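# Observations on chain architecture
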Amino acid sequence: MASLKALKGRIASVKSTQKITKALNMVAAAKLRRATQRAQAGRPYAERLTGVVGSIASRVAPGPQSPKLLTGTGRDDTHLIVLATGDRGLAGAFNSNIVRAARRKADDLVQQGKTVLFYIVGRKGRPVIQRVYPKAIIAQHDTTEMKAPSYADAQAIATDLIDRYTTDGIDVVHLAFANFRSTLVQEPVVEQIIPVRPPAQDAGQPANASLAAVEYEPDEEEILADLLPRNITIQIYRALLENQAGFYGSQMTAMDNATRNAGDMINRLSIQYNRQRQAVITTELIEIISGAEAL
Amino acid sequence: MADLHFELVTPDRQVMSDDVHMVVVPGVEGDSGIMAGHAPYMTTLKNGELAVYRSAGTQPERIAVTGGFAEVSDRGLTVLAESAGE
């Protein structure tokens, strides 16, 4: 059985851990509110842009001239997975869920005989991927200095990505991140961002007919050339925002649980400590009394 | 005449969502005034100013936009801009 002193030490240590988790919980809660607002504010733009790109994409007939970002390279051999995770831990299973989703996708692709490469955004994705696919990481974007994701950050990543897409012989690009549903639910997803997938539409639908009447200025191709890189930027931006909100949500929940667990542990240890203290007193009393009787 | 539903959206927020009389957008091939009932139309914007006329004959509200894109559909006019400031 642990000595009184050891118990006291453990109680003190759990208490200080609890202080940390409690503080982190409150910090995460405060940051969560702002991050959620930003994630929600970013959604309309992303949705509209995706809609517009989708509608133009379904109109432009794929040909040798059409932009690569739209129709792809015509091959399906080399896949790049952009893995966006948080930079810090202490957020429950948030990061590992994203990594797991990306790994599942990668395993699938490898089984189909494709080459898989990784582009890492955020610190927490790297270790696992490096272990499983040691040679697949082609680049990493450092976001540790970044307090809140900005459009410029997303732009830097997108530009780099498009450069690599055009020069490195990559055929398909996926983006892995976590959709922020609520504080408790973050859903890891892997989405294809290059080439753009036009929304599934049946031929001869009225939606297509009304699109045909749209007047483009300059023409579709030029609009697309301008729009496609922007679309990729915004997808990445959205992923970063959703990740940020999800991260704080997850961290808040995790730290809340940790604080509660620490509380339970302190209670248990205190009871044990008090019982033991009483046992020591009782033993002492017995010793004194039996000593007195012997005299 | 019915009002034009106008939305101005940037990556950070929805700047404006309102029913207005007319909006003049700085298209790459020239400014164009968009009113309700405009035919479906899509253009990229040059960096410049949007002029929003709340009602006929009033002073326009001017909003600077960069890196934008405008779409007119039966739902109204939607301007997607990388940044917008008044």
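The name given to chain B in an unreviewed UniProt entry is ATP synthase epsilon chain, with the source organism recorded as uncultured Sphingomonas sp. Looking at chain B in UniProt, the text filed under Sequence similarities (unreviewed entry) is "Belongs to the ATPase epsilon chain family." Database annotation for chain B, UniProt heading Function (unreviewed entry): "Produces ATP from ADP in the presence of a proton gradient across the membrane."

Looking at an unreviewed UniProt entry, chain A carries the name ATP synthase gamma chain, with the source organism given as uncultured Sphingomonas sp. Regarding chain A, the relevant UniProt record gives this comment under Subunit (unreviewed entry): "F-type ATPases have 2 components, CF(1) - the catalytic core - and CF(0) - the membrane proton channel. CF(1) has five subunits: alpha(3), beta(3), gamma(1), delta(1), epsilon(1). CF(0) has three main subunits: a, b and c." Regarding chain A, the UniProt comment filed under Function (unreviewed entry) reads as follows: "Produces ATP from ADP in the presence of a proton gradient across the membrane. The gamma chain is believed to be important in regulating ATPase activity and the flow of protons through the CF(0) complex."

A separate point is the interface of chain B and chain A. At the interface, 20 residues of chain B touch 20 residues of chain A. Elements that contribute at least two residues to the side of chain B that touches chain A include exactly strand 5 (41-44), strand 7 (61-73) and strand 8 (76-85) of chain B. With four residues, strand 5 of chain B is the single largest residue contributor to the side of chain B that touches chain A. Here the side of chain B that touches chain A is built from residues that sort into nine nonpolar, six polar and five charged.

What follows is about the UniProt feature "domain: ATP synthase F1 complex delta/epsilon subunit N-terminal" (unreviewed entry) in chain B. Residues annotated by UniProt as "domain: ATP synthase F1 complex delta/epsilon subunit N-terminal" (unreviewed entry) correspond here to residues 4-84 of chain B. Overall, residues 4-84 of chain B shows 0% helix and 70% strand. The separation of its end C-alpha atoms is 20 Å.

Our next topic: the environment of A:Asn274. Residue and element names in this part refer to chain A. Residue placement: Asn274 occurs in helix 7 (residues 220-294). Here Asn274 falls in the exposed class, since 11 other C-beta atoms lie within 10 Å of it. In sequence terms Asn274 and Asn257 are 17 residues apart; their C-alpha atoms lie 26 Å from each other.

Domains assigned within chain A are domain 1 (4-20 + 256-294) and domain 2 (29-199 + 212-254). Between domain 1 of chain A and domain 2 of chain A, the C-alpha centre-to-centre distance is 52 Å.

Residues and elements named next belong to chain A. For strand 2 (residues 115-121), the buried fraction is high: five of the seven residues fall into the buried class. In this structure, strand 1 (residues 78-84) lies alongside strand 2, joined through seven bridges in parallel fashion. Bridge pairing links Val82 to Tyr119 in strand 2. Viewed along the sheet, the connection from strand 1 through helix 3 (residues 94-111) into strand 2 turns out right-handed. Two strands pair when backbone bridges link them, and strand 2 and strand 3 (residues 137-141) are joined in this way by four bridges, in the parallel orientation. The residue bridging Val121 from the neighbouring strand is His141, located in strand 3. Crossover strand 2 to strand 3 through helix 4 (residues 126-132) is right-handed.

Geometry of a packed helix pair, given as the angle between the helix axes and the separation of the axes. All names here are of chain A. Contact geometry of helix 1 (residues 4-59) with helix 7 gives a least axis separation of 4 Å together with a crossing angle of 160 degrees. When the axes of helix 1 and helix 7 are compared, the pair comes out roughly antiparallel. Crossing angle aside, the handedness with which helix 1 passes helix 7 is left-handed. For the contact of helix 1 with helix 7, the class distribution of residues is 33 nonpolar, 16 polar and 12 charged.

It is worth spelling out the nonpolar core at this point. Ranked by size, the top nonpolar core spans 86 residues in total, and within it A:Val82, A:Leu83 and B:Val23 carry the most contacts. When residues in this core are grouped by element, the largest group, 17 residues, is from helix 7 of chain A. Apart from residues lying up to four places away in sequence, A:Val82 is in contact with A:Tyr119, A:Val121, A:Leu161, A:Val173, A:His174, A:Leu175 and A:Ala176.

With that out of the way, let us pick up the sheet that holds strand 4 (residues 172-180) of chain A. Residue and element names in this part refer to chain A. The strand order across the open sheet built from five strands is 3-2-1-4-5, with neighbouring strands paired in mixed fashion. Whereas interior strands pair on both sides, the edge strands pair on one side only; in this sheet they are strand 3 and strand 5 (186-194). Taking the axes of each pair of neighbouring strands and ignoring which way they run, one obtains an average angle of 20 degrees across the sheet. Where strand 4 and strand 5 come together, eight bridges link them in antiparallel fashion. The residue bridging Asn179 from the neighbouring strand is Glu187, located in strand 5. Strands strand 1, strand 4 and strand 5 of the sheet are contacted by helix 7, whose axis makes an angle of about 35 degrees with strand 4.

Reading the values: rules and limits
- Residues numbered from 1 in each chain as written.
- Chains lettered and ligands numbered in written order.
- Predicted model: local features only at pLDDT ≥ 70, side-chain atom pairs only at ≥ 80, totals over all residues.
- UniProt positions renumbered as here; feature names shortened; annotations may be inferred.
- Contact = placed C-beta atoms within 7 Å.
- Helix = DSSP H or I, 4+ residues; strand = E, 2+ residues; numbered from the N terminus.
- Nonpolar A, V, L, I, M, F, W, Y, C, P; charged D, E, K, R; others polar.
- Buried ≥ 20, exposed ≤ 12 C-beta atoms within 10 Å, placed from the backbone.
- Domains from an automatic or database assignment.
- Pairing = 2+ DSSP bridges.
- Right-handed = clockwise from strand over helix to strand, strands pointing away.
- Axes fitted to C-alpha atoms, helices over the stretch in contact; angles between N-to-C directions.
- Parallel < 35°, antiparallel > 145°, perpendicular 65-115°, else oblique.
- Left-handed = near helix turned anticlockwise from the far one by under 90°.
- Core = buried A, V, L, I, M, F, W, Y, C linked by C-beta atoms within 7 Å.

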